[in-house]
Amino acid sequence: SFRRYLYDGEIHADDLPKALLHSGIEDIRPELIAVVLVKVAEYNTLDEEEFLHFMCQYEEEQREDALTHFQKFAVNGQVSMESMSELLAALELTPRRRVITQICGSREVSEERGEAMTGLDFPQFLKVVEMLRQRFCFLQEELEQFRSVFQVFDRDNSGGMSLAELSSALAWLGFPISGSLCSLHQQHDLDSKGVLTEVEFLRCLRSLYEEEAQTIKQYLNLLQNGRCRRGSELEQLLHTLGYTTTVDILVDALQAHNLCKGYVRNSQLLGMAFSEVGFTLGLNELRELTCSIRTRDGFSDEEMEEMRKAFSMQSKSEAEISTPAIQKALRWLGHMYSFEMVQHLVTELDIDGDCMLDFTLFVKLIRKCRDRDRQEVANAFFALDPLDSGFLDQDQQMQALESLGLAEMNIPEMAEGIRLQQFLKIVQHIKFDPVRVQKLRENDFFEEHEVLELHRHFGRFDTDGSGELQEQELVMLIEALFPRHANLREFRPYFSDLLAFADVNRNGCLDFKEFVRFIRKIRDLQDEFQFEVYKETLEELGFSNKEAADLHTFFLETAGLGTLTFGEVKDMIAGSFNLSEKESQKVLIFCRCAVESCGDELAGEINFLSFLHVMRQVLDAGWASG
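This report concerns the structure included in the present document.

### A few points about the overall build of the protein chain
The helix and strand inventory of the protein chain stands at 30 helices and 10 strands. When the backbone C-alpha atoms are referred to their principal axes, the protein chain occupies close to 100 × 70 × 60 Å. Relative to its full complement of 626 residues, the protein chain shows a buried share of 46%. Contacts in the protein chain between residues at least 24 apart in sequence constitute 63% of all its contacts with a sequence separation of at least 6. Total accessible area on the protein chain is roughly 32100 Å²; 49% of this is exposed by carbon and sulfur atoms.

### So, the environment of Glu141
Assignment of secondary structure puts Glu141 in helix α8 (residues 140–152). Owing to a relative accessible area of 40%, Glu141 belongs among the partly exposed residues under this scheme. Discounting chain neighbours no more than four positions away, the residues touching Glu141 are Arg98 and Gln102.

### Considerations on the side chain of His344
Its place among the elements puts His344 in helix α17 (residues 339–349). Setting aside residues no more than four positions away along its own chain, His344 makes contact with Ala549, His552, Thr553 and Leu556.

### A word on the nonpolar core
Counting residues in hydrophobic clusters, the biggest one holds 89 residues, and the most contacted among them are Phe362, Ile573 and Phe611. Leaving out residues up to four positions away in the same chain, Ile573 has contacts with Asn578, Leu579, Val587, Phe611, Val614, Met615 and Val618. By size, the runner-up hydrophobic cluster in this structure holds 23 residues, among which are Leu223, Leu237, Val251 and Leu281.

### Side note on the packing of aromatic side chains
Summed over the entire model, instances satisfying the criterion amount to 22 aromatic pairs. The interplanar angle of 85 degrees and the centroid separation of 5.4 Å between the aromatic rings of Phe153 and Trp172 together place this pair among those described as edge-to-face. With a gap of 19 residues between them, Phe153 in the loop between α8 and α9 (163–172) and Trp172 in helix α9 connect regions that are remote in the sequence. A relative accessible area of 15% places Phe153 in the buried class. When the ring of Phe555 is compared with that of Phe611, the centres are 5.2 Å apart and the planes differ by 50 degrees; the resulting orientation is tilted. Separated by 56 residues along the polypeptide, Phe555 in helix α27 (residues 545–559) and Phe611 in helix α30 (residues 608–620) bring together distant segments of the chain. Phe611 shares its class with Phe555; the two are buried. Among the aromatic residues, those joined into a cluster by ring pairs are Phe554, Phe555, Phe577, Phe608 and Phe611. The ring of Trp332 has Arg441 sitting right over it, with the charged end atom 3.5 Å from the ring centre. The side chain of Arg616 reaches across the aromatic face of Phe543, ending 4.7 Å from its centre.

Criteria and cut-off values
Residues numbered from 1 in each chain as written. Predicted model: local features only at pLDDT ≥ 70, side-chain atom pairs only at ≥ 80, totals over all residues. Heavy atoms only, no water. Helix = DSSP H or I, 4+ residues; strand = E, 2+ residues; numbered from the N terminus. Buried < 20%, exposed > 50% of the residue type's maximum accessible area, 1.4 Å probe, protein only. Contact = heavy atoms within 4.5 Å. Areas by Shrake-Rupley, 256 points an atom, 1.4 Å probe, with all protein chains shown as cover. Core = buried A, V, L, I, M, F, W, Y, C linked by side-chain atoms within 4.5 Å. Phe/Tyr/Trp six-rings, centres within 6.5 Å; stacked < 30°, edge-to-face > 60°. Lys NZ or Arg CZ within 6 Å of the ring centre and 35° of its normal.

Put into structure tokens, the structure is as follows:
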């Protein structure tokens with residue numbers, strides 16, 4: 001630590017806080033530093049011997065300061081659990097009550113306490129302080145979670161978290177960030193290298209917890225008796241802290257901590273608005289409440305239960321599910337994403353690169369879907385509000401719904417002028433209307449316009465008008481809808497199995513509902529096949545999951561959810577890597593080779609798998625480094 005901040009053979013007093021942190025000392029208090037500095041040095045600079053003396057004296061001063069405050073609260077040589085929060089605050093430690101209880105009940109502390117002891121003696125108190133600093137004032141399970149999150153966003157195992165990665169990690173953890181993330185990142189980046197170590201990331205989170213506690217405390221000081229007693233007061237506090245939540249989520253979070261006994265979901269229907277509900281919440285209760293809100297990822301208990309059900313239907317008692325199963329679970333919940341988009345979202349969250357997610361990550365995925373949907377809706381809203389009035393009239397609302405592909409759905413009555421938040425709620429209601437979701441499930445997750453198209457195909461090949469497709473009629477229909485697969489020899493056994501799967505009444509024919517079931521199964525098998533090809537392609541080309549995710553983002557910027565022409569790929573790559581005309585023309589050769597390698601029937605067009613082959617050749621040519 002001394003050499004890290006050495007300048008002209010000495011370390012300046014201003015650098016002592018950083019030097020202490022680098023030495024693993026988390027208790028950094030300017031007043032203690034000033035007291036010790038006077039004892040060990042005549043000036044504001046220290047040579048190596050003085051610095052080592054300072055470090056020893058600082059630890060001794062910490063102990064003496066702790067003893068002084070301990071004695072103020074001790075009775076018969078012990079401090080009670082009730083006085084712990086106030087005593088720790090004197091040492092500038094502000095853990096939640098649950099954290100104190102967990103540490104005091106831990107083996108390290110409890111083994112030193114006799115059965116007759118109701119409080120803590122000084123050595124035990126010092127052990128509690130030590131453990132609080134080691135855990136950064138978090139619960140043990142929170143500490144483990146935060147370390148795991150650091151690993152998620154340190155995919156290259158560099159041991160560092162950039163500003164962009166910090167932003168993503170905090171959003172992942174549910175923190176509402178209203179201030180400057182840049183200053184937050186710089187404040188905890190001791191080496192000024194632009195990245196945070198795991199310890200620096202934990203310090204960053206601790207400071208956010210402390211800042212939130214301070215804001216809550218200041219708000220409570222404005223209220224009668226320093227307590228939050230009405231739903232309206234609680235809503236105002238959460239708004240001040242930057243949380244956006246629904247009443248259902250708020251009620252679930254309150255009831256999880258037994259803080260809201262007098263309110264149930266249908267209380268609003270009985271004339272009791274949440275703003276009128278009474279309770280008594282102090283600093284500790286409110287801190288636990290905000291923790292609970294963050295861990296919910298913006299979902300109510302009812303929504304979480306639906307997600308668990310969707311996950312369990314696909315997991316078959318396993319802890320994780322694969323990308324094809326994730327798409328099915330999303331469909332069951334009403335999220336109608338293409339397989340390519342689901343694959344892209346999974347890749348962004350997948351930690352170990354096996355294209356599998358556990359339930360926790362599945363919930364994060366759905367939150368990403370919700371955030372993506374909200375951004376898409378916001379873009380549609382602002383596109384029709386060029387004057388930035390903040391409102392859309394009824395005609396503009398319909399145009400926005402049409403751009404989102406929702407104009408043909410069951411649309412509620414709309415007001416003359418609505419703001420963005422109101423429009424977001426309307427779209428949410430339309431897309432996840434229980435009637436619509438149930439209809440999707442009944443139609444094997446085909447939208448209404450897709451069902452109509454399937455009905456048209458069905459009627460075209462039901463030549464005898466029987467309302468059923470005989471096997472030969474079905475063969476002709478499959479040749480028309482899936483020409484590539486129908487003529488593959490290896491597809492024939494699958495065809496028989498698919499027919500048996502769809503033929504529910506076992507009469508050797510398919511009625512329309514069975515036909516829809518049959519087509520869904522084929523689509524699912526196509527996705528599963530594409531999934532296996534994708535994994536094999538990454539292994540063959542040597543791309544990591546993170547690299548594939550970055551390349552997919554690059555691809556989507558131009559292609560959206562479709563494909564690219566050879567010319568579009570050439571222009572995109574040439575523009576990004578500043579290629580010469582000769583190199584640009586060579587990209588076209590790479591495109592032709594990629595299509596041939598992938599056996600893609602869309603001649604002249606590049607899908608994402610083909611694009612990966614192109615990028616492999618671009619990278620091997622060394623153009624990216626130039």
